[in-house]
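Commentary on secondary and tertiary structure
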Amino acid sequence: MIQVKLFDREHEKDLEKEMNRFLKGLDEKSLLDIKYNVAAMTEEEQEEQIYCFSAMIIYKA
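Residues numbered from 1 in each chain as written. Predicted model: local features only at pLDDT ≥ 70, side-chain atom pairs only at ≥ 80, totals over all residues. Heavy atoms only, no water.

**Quick notes on the overall build of the protein chain**
When helices and strands are tallied, the protein chain shows one helix and three strands. Along the chain direction, N to C, the helices and strands of the protein chain fall in the order β-α-β-β. Here the C-alpha radius of gyration of the protein chain, 14 Å, is well above what a compact globule of 61 residues would show, namely 10 Å. In the protein chain, which comprises 61 residues, the proportion classed as buried is 20%. Long-range pairs, those at least 24 residues apart, make up 58% of the contacts in the protein chain between residues at least 6 apart in sequence. (Helix = DSSP H or I, 4+ residues; strand = E, 2+ residues; numbered from the N terminus. Rg over C-alpha atoms; globule rule 2.2 N^0.38 Å. Buried < 20%, exposed > 50% of the residue type's maximum accessible area, 1.4 Å probe, protein only. Contact = heavy atoms within 4.5 Å.)

**Examining the packing of aromatic side chains**
Applying the stated criterion to the full structure yields three aromatic pairs. Members of the aromatic cluster, connected to one another through ring pairs, are F7, F22 and Y59. Directly above the aromatic system of F7 lies the positively charged group of K5, at a separation of 5.8 Å from the ring centroid. (Phe/Tyr/Trp six-rings, centres within 6.5 Å; stacked < 30°, edge-to-face > 60°. Lys NZ or Arg CZ within 6 Å of the ring centre and 35° of its normal.)

**Some points on the environment of D14**
Turning to its location among the elements, D14 is positioned in helix 1 (residues 12-24). Considering only alpha carbons, one finds D14 and K35, 21 residues apart in sequence, at a separation of 16 Å.

**Looking at the sheet that holds strand 1 (residues 2-9)**
Here three strands make up an open sheet; going across it, the order is 1-3-2 and the pairing antiparallel. This sheet does not close on itself; its edge strands, each paired only once, are strand 1 and strand 2 (31-43). Neighbouring strand axes in the sheet, compared pairwise and without regard to direction, differ in orientation by 15 degrees on average. Of the pairings in the sheet, the one linking strand 1 to strand 3 (residues 48-60) comprises eight bridges and is antiparallel in character. Within strand 3, the residue paired with L6 across the bridge is M56. (Pairing = 2+ DSSP bridges. Axes fitted to C-alpha atoms, helices over the stretch in contact; angles between N-to-C directions.)

Here is the structure:
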């Protein structure tokens, strides 16, 4: 069966750590693909840029 695991973090290093933790427990032959995305938004009131780093790991269970 093909499954997905979704990750969503505000900092890229946090995303990297969480994904590596998950991948450590996954058999290398089960990994099918990894999709990665970055979204950037600006908060009008604070004029601060906010990032959202997300990824999806597609694997065979």
